[in-house]
Amino acid sequence: MLNELWLIPALPLAGFLALAFLGARMPRGLAGFIGVGSVGLSAALTILIGLRFLGAPPPDNSYTQVLWTWFEVGKLSPQIAFCLDPLSLVMTFIVTGVGFLIHVYSLEYMRDDPGYARFFAYMNLFVSSMLILVLADNLLLLYLGWEGVGLCSYLLIGFWYSDPANCRAASKAFIVTRVGDTAMAIGLFLLATHLGSLNIHTVMEQAQVQWAVGAPLAVAAAALLLGGAVGKSGQLPLQVWLPDAMAGPTPVSALIHAATMVTAGVYLIARTHVIFELAPSVQGLVAAVGALTLLIAGISALAQRDIKRILAYSTISQIGYMFLALGVGAWSAAIFHFFTHAFFKALLFMAAGAIIVSLHHEQDIFKMGGLRKQLPAVFWTFLAGALSLVAFPFISSGFYSKDEILMLAWYSPQGGWHLWLAGLTGAVLTSVYTFRAVFIVFFGESNGHVTSKPGSMMTVPLWILAGLATLAGLVQTPITHLLERTPLWSETAGEQTAHTGELGLQVAAIAAGLLGIYIAWSRFVVHRDSTREWTETAAGAKLCALSASGCGFDWLYDMLFVRPFITAANFCKKDFTGAIDTAIVSVNMGLNYALHASQSGRIRWYATAMAIGAAITLAIVILL
Amino acid sequence: MTASVPIEHGLALAAILFALGLIGLLVRRNIVYSLLSIEVMLNAAGLAFVVAGARWGQSDGQIMFLIIVTMAAAEVAVGLALVLRFSRLFKTLDGDAASRMRG
Amino acid sequence: MNAIFYITAAVAVVSTGLAITRANAIHSLLWLVTSLLAVSVIFFVLGAPFVAALEVIIYAGAIMVLFVFVIMMLNLGPDAAEQEREWLSARAWTGPGILALILLAEMVYILKGNVSTLEGARMISPKELSLALYGPYILVVELASLLLLAGLVGAYHLGRRDPASAKELKS
């Protein structure tokens, strides 16, 4: 009854193949139709299969479809197999659903781009890889999807490759995530050698059997997996690539760098949470990474001028919340925040994209202003996303998910007041930077010149996502209950529902959000001039520069890694093995110069050469 | 009524003709003469085949000669067409004039 | 019969030598025809009458006629002969002459030593040759037909008057 599962990733893959091989010769309409249609079909199929799954859950709440054995090496024989359980169902739903809306939006956004078919080919490949990642039955197939999305991310960040800055951003994203991916690959080797399998179920069961809590191997495996997750999800210390990744087209930022790929790390940790439970120290590290990241990203977002970079830092910060939740064992809360975040962050990016297109590719928020009247549809949808991002009470989905994370950060056995305080401070920062953007872009006097208004292909997905961002919080209980049916899913923090003082915590969280909005209002609407004056004082300018540079991590890594590496490379360039290489080259070049004198283009000279060759050959025959 | 000359005399004749053709090819700058010299060399090779075939009383050598004749015919047809085009293009028959390489 | 062989061999060598040294193209061709006819006689003497006939018909006939046509078309006048004479300087002869002599000496040296007369020489009739050609060598016939077709197409293509491409090459 769930036999069509394999079609979900196969359809976008087929779309990719068709577009990659025939896209250049297709009319644009057909290319767009294939690109959007394949993801749309996949989304429809996901809903159909999801309904069947919920209507008649398979035994053990998990359905595995084995297609074929990938390869066999010794005792390791990973299969191409897809596994559907509540966790992967939620992920698949987001990837195909939000993916479909963003594809529809791209139809209009990329309308005049010469690389139209190429864009949809990459996007389809991305959706396919992401689906393989979330549906994979074993960690090796998951890794295939993991690298596939990394490749697509690279290709799409550098989509406009004629600008070297975009290529540099793409390379940076690829190289920085590679650090994490290498750690993850080593982690997979470790699991495969010690547990004898990479099948997720087997690995989780074996880990519980073979490793005690706090066993060194479990700690090592968890730490290595965390390394992969940190790289992919743009968390400390590998967060530096994500703001630069905004060089890609806006739909790419919405799909890959906000809604889906960057949350792959969250998915990985949730999927392998058994190992993290066996390594409490690493789990504490996850929470600490999340808390630190959400604070640093929040501070970095405060002084950005580029609207997409603001959203990028907010993405890092929100994923920090998810890591915080994972770190305190609140798996469902993390996935639920992923669920709502996918809607409102995709919405914010797409609304930002609509503004950027309307203002003829202007991304600086200080050159916008007063757009509330000129682009009302964009304003209202952006506002819906912003309210969700700051967890505005009751009428936003973000409120429900973030509130739960903060609550569990306090109550969970692994949590504590310091984690809660970090989350709360982050909430204030979130409100400030979000509404700073809202007030500067949509209020005040108009600076920008609206050249075109977004068409229905762009606004309809915006309205749909705005509705979802507002209402998705209502399904909190069903989703959490659904997720708790995931096999091997032990909720360590989810059961504590009624506590004393819960109301107080909620009030504090609400107050933090509102306080941030008030600060933004007073600093950027009422006292805007005094704020500007403050940024021109010595201390203010320094703080702004620190925030704008993302707390100086790029500079730090440049000093720590890039420069020493270049120095070492320059040093090594001069050693004797280099001399050997140069010698080979110069000898060849000398021979080339000597021999190309013989390339005279004269027939008689060539004939003479042949005759000399014949004479020498015969001489050899005679003499030997 | 066939001759009973030593085989190497026949082959030596072929070698002399071949060498003469080679000299012609190397000395003459006119491309018509180059083609002509190539004909001489091909003919010499054919002669060597026929002599060798006659040594064993087999028809194979003569069949090889047939192949050579066929090849020579095709070669001359294409070669002379090239000569015509060459003279139209460069207004000369000097083979060295066609060199555009600056070695 | 042996005397005929040596006489015609001498004729062939002398006429070939003259063919490659004449300045006038038509004279060269006539000497070459003589040389080919001499080789044809040698074929006949060696017991290959069919091949001897082919030598006359195709080589001395068809191919040489082709040369004559082309030389007529090129319309080489006395100026061309004069230029040929200029090109035939002694200096131009020495290098190739020495090279060819070395090659010839080497070939003759290799031939020397294994003396064997053409004892098995016999007349090979056209019938026998045809049976071999259309029996074990049928593939050769096919290949020859392909080769001739390629030559035909190539000659047609190259010989076409094509002002556009000619202009392009010139510029």
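As the structure is a prediction and not an experimental result, all values here were calculated from the model.

Participant: Give me the interface of chain B and chain C: which residues, what numbers.
Facilitator: Taken together, the contacts link 72 residues of chain B with 84 residues of chain C. Remark: the boundary between chain B and chain C carries zero salt bridges. Between chain B and chain C we count eleven residue pairs in polar contact (both at pLDDT 80 or more) in total. Of all the elements in the fold, those that place two or more residues in the side of chain B that touches chain C are α1 (7-27), α2 (31-56) and α3 (60-90) of chain B. The biggest single contributor to the side of chain B that touches chain C is α3 of chain B, with 25 residues. The residue inventory of the side of chain B that touches chain C, partitioned by class, reads 48 nonpolar, 14 polar and ten charged.

Participant: Describe the pattern of salt bridges, and please don't skip the residues or the numbers.
Facilitator: Pairs can form between side chains of opposite charge whenever their charged atoms are close. By the definition in use, this model includes eleven salt bridges over all chains. Here glutamate 82 of chain C and arginine 85 of chain C are joined by a salt bridge, their closest N and O atoms 3.4 Å apart. Residue glutamate 82 of chain C and its partner arginine 85 of chain C are both found in helix α4 (residues 78-87); the two are separated by three residues, about one turn of the helix. On the basis of relative accessibility, which here comes to 41%, the residue glutamate 82 of chain C falls in the partly exposed class. Among the ionic contacts, a cluster of salt bridges with common partners joins Lys172, Asp244, Arg309 and Asp554 of chain A.

Participant: Outline the interface of chain A and chain B, supporting the account with residue identities and numerical values.
Facilitator: Every contact between the two is made by eleven residues of chain A and, on the other side, ten residues of chain B. Of the roughly 930 Å² buried where chain A meets chain B, counting both sides, 60% is carbon and sulfur surface. Linking chain A with chain B are zero salt bridges, by the criterion used here. At the junction of chain A with chain B, the criterion picks out two residue pairs in polar contact (both at pLDDT 80 or more). Top contributing element to the side of chain A that touches chain B by residue count: helix α27 (residues 603-623) of chain A, with five residues. Looking at the side of chain A that touches chain B, its residues break down into four nonpolar, five polar and two charged.

Participant: How would you sum up the nonpolar core? Please name residues and give values.
Facilitator: Judged by nonpolar contacts, the single largest core of 206 residues is most densely connected at Leu142, Leu191, Trp211, Phe323, Ile355 and Phe435 of chain A. Broken down by element, this core gets its largest block of residues, 20 residues, from helix α15 (residues 331-358) of chain A. When neighbours within four sequence positions are excluded, tryptophan 211 of chain A is seen to be in contact with Leu190, Leu191, His194, Leu195, Gln206, Leu217, Ala218, Ala221 and Leu278 of chain A. Leu84 and Phe86 of chain B together with Leu36 and Leu133 of chain C belong to the second largest nonpolar core, which has 60 residues in total.

Participant: An account of the packing of helix α23 (residues 528-536) of chain A against helix α24 (residues 538-548) of chain A is requested, with residue identities and associated values reported.
Facilitator: Two quantities define a packed helix pair, namely the angle between the helix axes and the distance between the axes. Residues and elements named next belong to chain A. Where α23 contacts α24, the axes come no closer than 4 Å and their chain directions differ by 90 degrees. Overall, the two elements α23 and α24 adopt an arrangement that is roughly perpendicular. Here α23 contributes Trp534, Thr535 and Glu536 to the contact with α24, which in turn contributes Ala538, Gly540, Ala541, Leu543 and Cys544.

Participant: Describe the packing of aromatic side chains, listing the residues and the values that go with them.
Facilitator: Residue and element names in this part refer to chain A. One pass over the structure, following the stated rule, counts 24 aromatic pairs over all chains. Judged by centre distance (5.5 Å) and plane angle (80 degrees), the ring pair of phenylalanine 119 and phenylalanine 120 falls under edge-to-face. You'll find phenylalanine 119 and phenylalanine 120 in the same group, each marked buried. A centroid spacing of 6.1 Å and a plane angle of 20 degrees characterise the contact between phenylalanine 336 and phenylalanine 339, whose relative ring orientation is stacked. Highlighted residues: phenylalanine 336 and phenylalanine 339, both in helix α15, separated by three residues, approximately one helical turn. Side by side, phenylalanine 336 and phenylalanine 339 carry an identical accessibility label, which is buried. Members of the aromatic cluster, each reached through a chain of ring pairs, are Phe379, Trp380, Phe382, Phe435, Phe439, Phe442, Phe443 and Trp521. In this arrangement the basic side chain of arginine 28 is found over the ring face of tyrosine 116, its NZ or CZ atom lying 4.7 Å from the centre. Here arginine 118 stacks its cationic end above the ring of phenylalanine 159, 4.2 Å away from the centre of that ring.

Participant: Describe α2 of chain B, listing the residues and the values that go with them.
Facilitator: All names here are of chain B. For α2, built from 26 residues, the straight-helix expectation of 38 Å at 1.5 Å per residue is met to within 8% by its first-to-last C-alpha distance of 38 Å. Counting buried positions along α2 yields 20 of 26 residues, so the element is predominantly enclosed. Its side-chain oxygen at 2.9 Å from the backbone nitrogen of valine 32, asparagine 30 defines the N-terminal cap of α2. Looking at the residues trailing α2, positive phi occurs at glycine 57, about 65 degrees.

Basis of the calculations
Residues numbered from 1 in each chain as written. Chains lettered and ligands numbered in written order. Predicted model: local features only at pLDDT ≥ 70, side-chain atom pairs only at ≥ 80, totals over all residues. Heavy atoms only, no water. Contact = heavy atoms within 4.5 Å. Salt bridge = Lys/Arg side-chain N within 4 Å of Asp/Glu carboxyl O. Polar contact = N/O pair within 3.5 Å; in protein donor to acceptor, adjacent residues only side chain to side chain. Helix = DSSP H or I, 4+ residues; strand = E, 2+ residues; numbered from the N terminus. Nonpolar A, V, L, I, M, F, W, Y, C, P; charged D, E, K, R; others polar. Buried < 20%, exposed > 50% of the residue type's maximum accessible area, 1.4 Å probe, protein only. Buried area = accessible area lost by both parts, 1.4 Å probe. Core = buried A, V, L, I, M, F, W, Y, C linked by side-chain atoms within 4.5 Å. Axes fitted to C-alpha atoms, helices over the stretch in contact; angles between N-to-C directions. Parallel < 35°, antiparallel > 145°, perpendicular 65-115°, else oblique. Phe/Tyr/Trp six-rings, centres within 6.5 Å; stacked < 30°, edge-to-face > 60°. Lys NZ or Arg CZ within 6 Å of the ring centre and 35° of its normal. Expected span 1.5 Å × (residues − 1).

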